[in-house]
Amino acid sequence: MLFVLLIAGSPNSSPEQIVRLKWMMGACVVGGLICCGAGIMLLVRAHPVWGGAIGALPLAVMFGLIVWVGVSS
């Protein structure tokens, strides 16, 4: 969802903002994949609470960033 929000903001951006958006999109994808892998690994190792918490971390970060953007603008 955050990835789509970043794509939606890119048409009206300057070249330096587009570079920043690309870095943020990359961080979004890499962070999501790391959390997904770590959550699966923890679930396999019989740590369901930690696995669920790590798996839900990108959702919490995304929600926090969307609230922050909404309040700051």
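The following paragraphs examine the structure supplied in this document. Quantities reported herein were computed from a predicted structural model and do not represent experimental measurements. (Residues numbered from 1 in each chain as written. Predicted model: local features only at pLDDT ≥ 70, side-chain atom pairs only at ≥ 80, totals over all residues. Heavy atoms only, no water.)

## Some words on the layout of surface pockets
Counted only if it meets this: Points on a 1 Å grid, built from protein atoms alone, make a cavity when a 1.4 Å probe fits but cannot get out and make a pocket when they are open with protein on both sides within 12 Å along at least 5 of 7 lines; residues with an atom within 4 Å of a point are the lining residues. Grid points are joined across faces, edges and corners, and a volume is the space filled by probe spheres set on the points. A run of H or I in DSSP becomes a helix once it reaches four residues, and a run of E becomes a strand once it reaches two; helices and strands are each numbered from the N terminus. Lys, Arg, Asp and Glu make up the charged group, whereas Ala, Val, Leu, Ile, Met, Phe, Trp, Tyr, Cys and Pro make up the nonpolar group; the residues left over, Gly among them, are polar.
As a volume, the largest pocket reaches approximately 580 Å³. What lines the largest pocket is a set of 25 residues, and nearest its centre among them are L2, L6, M24, C28 and L65. Those elements that place two or more of their residues in the lining of the largest pocket are α1 (2-8), α2 (15-44) and α3 (48-72). Of the residues assigned to the lining of the largest pocket, the class counts are 19 nonpolar, five polar and one charged.

## Considering the environment of M62
This is how the line gets drawn: Partly exposed describes any residue whose relative accessible area lies between the buried limit of under 20% and the exposed limit of over 50%, with all areas from a 1.4 Å probe on protein chains only and scaled to the type maximum. By definition in these notes, contact holds between two residues if any of their heavy atoms fall within 4.5 Å.
Residue placement: M62 occurs in helix α3. Judged by its relative accessible area of 12%, M62 falls in the buried class. Remark: the alpha-carbon pair of M62 and M1, spanning 61 residues in sequence, is separated by 7.8 Å. Beyond its immediate stretch of four places on either side in the chain, M62 contacts M1 and L2.

Take it as geometry only, folks, not as evidence of what the structure does.
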